[in-house]
2 protein chains.
Amino acid sequence: MIRERLDKLREGMKASGIDCYLVPTSDYHDSEYVSGYFAVRRFFTGFTGSAGTLVVTKEEAALFTDARYFIQAAKQIEGTGITLMKMGEPGVPTLKEYLEQVLGEGEVLGFDGRVVKAGDAKEYEKILEKKKGKLIWNKDLSEKIWTERPSIVHHPVFVLAERYSGESASSKLSRVREKMQEEGADEHILTSLDDIAWLLNLRGDDMKNFPIVLSYVVVTMEKVLLFAKGKREETKDGEECEVWTPELLDYLKENGVELRAYDDFYGYVSGIHERSVLLCKGRVNCRVEKELAKDVTVIDKPNPTELMKAVKNPVEMENLRRAHIKDGAAVARFMYWLKKNIGKTPMTEWSATEYIDKMRQENDNFIETSFDTICAYGPNGAINHYSASPKDCLVLKGEGLLVVDSGGHYLEGSTDITRTFALGPVTAEMKEHFTLVLRAMLNMRATRFLYGCRGNNLDIRAREVLWEKGLDYKHGTGHGVGYILNVHEGPNNFRWKPLPGQESAVLEEGMVTTDEPGIYIEGSHGIRIENELLCRKGEENEYGQFMYFEDLTFAPIDLDAVEVSQLGEQDKKRLNDYHKEVYEKLSPYFEGEELAWLSEATRAV
Amino acid sequence: MIRERLDKLREGMKASGIDCYLVPTSDYHDSEYVSGYFAVRRFFTGFTGSAGTLVVTKEEAALFTDARYFIQAAKQIEGTGITLMKMGEPGVPTLKEYLEQVLGEGEVLGFDGRVVKAGDAKEYEKILEKKKGKLIWNKDLSEKIWTERPSIVHHPVFVLAERYSGESASSKLSRVREKMQEEGADEHILTSLDDIAWLLNLRGDDMKNFPIVLSYVVVTMEKVLLFAKGKREETKDGEECEVWTPELLDYLKENGVELRAYDDFYGYVSGIHERSVLLCKGRVNCRVEKELAKDVTVIDKPNPTELMKAVKNPVEMENLRRAHIKDGAAVARFMYWLKKNIGKTPMTEWSATEYIDKMRQENDNFIETSFDTICAYGPNGAINHYSASPKDCLVLKGEGLLVVDSGGHYLEGSTDITRTFALGPVTAEMKEHFTLVLRAMLNMRATRFLYGCRGNNLDIRAREVLWEKGLDYKHGTGHGVGYILNVHEGPNNFRWKPLPGQESAVLEEGMVTTDEPGIYIEGSHGIRIENELLCRKGEENEYGQFMYFEDLTFAPIDLDAVEVSQLGEQDKKRLNDYHKEVYEKLSPYFEGEELAWLSEATRAV
């Protein structure tokens, strides 16, 4: 089936005069995950992972993906004739190096410019320049081949009330316009869905775990254009739904937002003349840039909304505190169930997933999970981004470790928490590793620092505990978290090595970052403990403004997995103080036997 | 006197059609310190500090300098009509902002392009572009005014033997040529004196504390041109000296180095045609770039020698270990003298300086001090870069703290060490601060990290100890150290906030970095403890290459100033292990009463 699809793709390439065709994993908005209509790479490869790029030439087809997916991708593309390119492995070319190899003199590279970032396209054009080749950036060759392609899904939109957002859309718009004025911009093109949702205080349900509205926005000094689907739309189930109610249309009008058709966006872009346009080439797609007229001056800067939405306002902070307490109560309830029933009631990774998701669903103002729950038992815990399914999941036994990484979107904000549980006896090594990860997490959380520090300055606070023992985890110590938006959100993070092109931002009061060190022993066990930290201002003195972290996450850390003798006095104090607060915050949600259990689970060591 | 000089300068400006004239503190080689012939800013201001820029317009004169010199500069420019611009203070414009303010439409900015970096000149030209102004970059207006200007000093040159350098000049040259080939460069212009000295294994005495040869170098694939002073030259004392002996001239010939006259350099540069030239705009002066013909392609990259010389080779490492032991013995001898005689023999900051310098001079292969010894008592210890003089120095009493920051150049390499001594009773606060600084120093030194880390990732290891208490020091935790070259050498350092345009380098095996946290309480006391650390490779495993630090510096840390009850178990172990090694390394240099003292000074706590 995949071979046939690739044959058809090559026919399409030939008809369009394309020698090499690129199929990345993206929608038109540089979203982190794609599904349905946008899963073109999946259609052409059969590979279902969340990241990867397919390159097809006349003779070859190659799938580039990262270490998370080496095993899965190899299995899924077996027999398709596609070569797996294991990114980052020695001897494996990068995507750019590969293009340099396969593109002959004067050859033509093609892709759908809506799914390639403008910044990346620029890099490909440099290669083509050397080869005296040509770029065709406006061909979605899947159109004619993918006959049963799902349609783009639209769901009802709602306004996030100011008691949740803390700032009106008009106030946010005037802050963006101030920034535009500073930069000398007449228009600002915004295509990233989290930025748009934040700016207009709108939320929707157009993507799983990401409650946004599929749309583009253009802001000028006089008006705001929102390019989105119309009033009534067909949903994926073939039924009609009211996307924009009269109340919503009034809301848009009040805030000076004109609603335009989603498909009219590129026409608008190409009609801009003799204006300065602020956009971020690292976020907008290649087609946006290509459609701009020659007389347009592009100001390539980060979207002003990026930093604004990362710095949570006092209302958001207060809401987040509330969201995390009820979310922590759900996690504690799950832990109680797990500990009480393990070895007695049959359980699998999947049934545990369903249970914790159910605990969250019972909370007030719950919207949806903020990502697919990771529930990974034993050796599966060592696989980053492991996902169980009803058909493919391990049975939980009364021994070993279970990693549960989960979170929810509430009207009061989003959560992301990981706890690792001992389901019964665990080895001395597992306890030692658990205790190291715990110490690392506690150390980061206790960091006091001067204003101006970035995540790259702070990352070692967690990692030093592991590095001392010759251990490490191959992921960042932490990522920013959005407010009913992306659960991974920049520009703040804790990473000693910056991601390409992404410097860690200066940590500002109001930024939320996860603190999630881990240890992963292939074939044996995985451990990760994750709290969210709210950055706060502390004392200001002659040395500057000191900053500290406030805990947002409150849920017991499984003391059954801790080797107390390996905790220092400082570690013990930090753990006991934390658990005391966990008990104080969560106990109102519990009574009777459960309350007694909570008290025991948060006891001082 | 200063007013007259400025009047004459303004006359010169008028005659040359210059509206605004810039006098930075630099020689033609972007050296850290300048003296003698190059002290033009000092001539025009009377200010003797090591850093500052004078800007003179028709009406105004402004001196820009940093926090180290606010008090000194204010005193020295009093009554001259020059305004002090306190860099970094709120409301004070940066040099560039000031130029934007004072330069009118179409006005002319002037300077001697040999003392302004090419990169800085580019920034000034951007301002002029906005103002439709003009740049005159080839005017040293001091020439006619400074009638008693000292001549440029030249001293005998010597070859650093391979048993000290560890690599021949021809080997170094072929490594540089490899780099040139990689970059596609036909010629490489090198003007920084440390790079030149390292490349050719030459040392001289043309600058105090910096044993280099005033020169320029051009490397092509076929030849090496060394632009330096001739065979016999007049020294500053008016006597003649042999700069280049017949043996030296033979050495140059053997290594394919042609000696050219120092003053012929710019003529050579302007004569390059249709070639690619590798140079570093952040290091070469503006005139170099201006003299290049239009048909020359400039490749602006860091000098290949920068990283090469920072990574010490095995011979250099072994020599450094030896240099540091004899240097530590000198410091210990000084400490013994200080402790034994304080309160009995009269002492001042200056006599103590003379004593420690003398201890070093008695060492084998001593060349000179690697910087002017800082010997700062009581409140002077809180002044960064304080320097005592015979006329202006405090009397040392049998109480309080004395900071001594000193070092030497030996044939086996250079040292930089700081110790703070209790001269008798000290307050509880002083002890607390001393103990914090000690813990910070020990913490950095014990860092184990993955290869790929930069100094900005590691700085917090020292600082976290102070930040926890709301304290800080306003300088980097550490700087790279040259090998009989600059005592401050890039590209490695420990700084959480990078210096403008200078990213911390990835820490490589063989790099030497100081570890020198401090606490400075204005009007009361200062504390700094400084060791040098050699970066080494440790275990390599599935997580990567682990790195650690080897101590280079061995000298007692004054236990009289330590509050042992404030040390944790880990701190105590680190301190005791270090002192044990100090005793082992230094005891062969001591006997009798001195040895007994050393044993006591390095006792376990």
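Residues numbered from 1 in each chain as written. Chains lettered and ligands numbered in written order. Predicted model: local features only at pLDDT ≥ 70, side-chain atom pairs only at ≥ 80, totals over all residues. Heavy atoms only, no water.

A. Seen up close, the packing of aromatic side chains. Residues and elements named next belong to chain A. Considering all chains together, one arrives at 46 aromatic pairs over all chains under this definition. Judged by centre distance (5.8 Å) and plane angle (35°), the ring pair of Phe334 and Trp337 falls under tilted. One end of the pair is Phe334 and the other is Trp337, both in helix α14 (residues 314–341) and 3 residues apart, which spans about a single turn. Like Trp337, Phe334 is buried. (Phe/Tyr/Trp six-rings, centres within 6.5 Å; stacked < 30°, edge-to-face > 60°. Helix = DSSP H or I, 4+ residues; strand = E, 2+ residues; numbered from the N terminus. Buried < 20%, exposed > 50% of the residue type's maximum accessible area, 1.4 Å probe, protein only.)

B. The relation of the copies chain B and chain A, seen in detail. Taken as rigid bodies, chain B and chain A are interconverted by a rotation of 180° and an axial shift of 0.0 Å, the fit giving an RMSD of 0.1 Å. Both copies of the chain, as the preceding transformation shows, are related through a two-fold rotation axis. Identified as the residue of chain B closest to the rotation axis by C-alpha distance is B:Asn457, at 2.3 Å. An overlap of 100% is found between the interface residues of chain B and their copies at the interface of chain A, pointing to a shared contact surface. (Least-squares fit on C-alpha atoms with pLDDT ≥ 70 in both. Contact = heavy atoms within 4.5 Å.)

C. Looking closely at the state of the cysteines. Considering all chains together, one arrives at 0 disulfides over all chains under this definition. As a non-bridged cysteine, B:Cys20 has B:Cys286 as the owner of its nearest cysteine sulfur, 15 Å distant. (Disulfide = S-S within 2.5 Å.)

D. Broad picture of the interface of chain B and chain A. Taken together, the 29 residues of chain B in the interface contact 29 residues of chain A. At the junction of chain B and chain A, the tally comes to 2 salt bridges. Notably, a salt bridge pairs A:Glu464 with B:Arg461, separated by 2.9 Å at the nearest N-O pair. Counting the contacts that link chain B with chain A gives 14 residue pairs in polar contact (both at pLDDT 80 or more). Mapped by element, the contributors of at least two residues to the side of chain B that touches chain A are β23 (449–450), α17 (455–458), α18 (460–467), β27 (518–521) and β29 (531–541) of chain B. Taken together, the residues of the side of chain B that touches chain A sort by class into 13 nonpolar, 7 polar and 9 charged. (Salt bridge = Lys/Arg side-chain N within 4 Å of Asp/Glu carboxyl O. Polar contact = N/O pair within 3.5 Å; in protein donor to acceptor, adjacent residues only side chain to side chain. Nonpolar A, V, L, I, M, F, W, Y, C, P; charged D, E, K, R; others polar.)

E. Region of interest: the pattern of salt bridges. Summed over the entire model, instances satisfying the criterion amount to 96 salt bridges over all chains. Two residues, A:Glu489 and A:Lys312, come together in a salt bridge whose shortest N-O distance is 3.3 Å. Here A:Glu489 is found in strand β25 (residues 489–494), whereas its partner A:Lys312 is found in the loop between α13 (304–310) and α14, with 177 residues between them in sequence. The residue B:Glu258 makes a salt bridge to B:Arg260 at a minimum N-O spacing of 3.2 Å. Here the residues in one salt-bridge network are A:Asp30, A:Lys117, A:Asp194, A:Asp195, A:Arg283 and A:Lys309, joined through shared partners.

Purely geometric numbers; function is a separate question.
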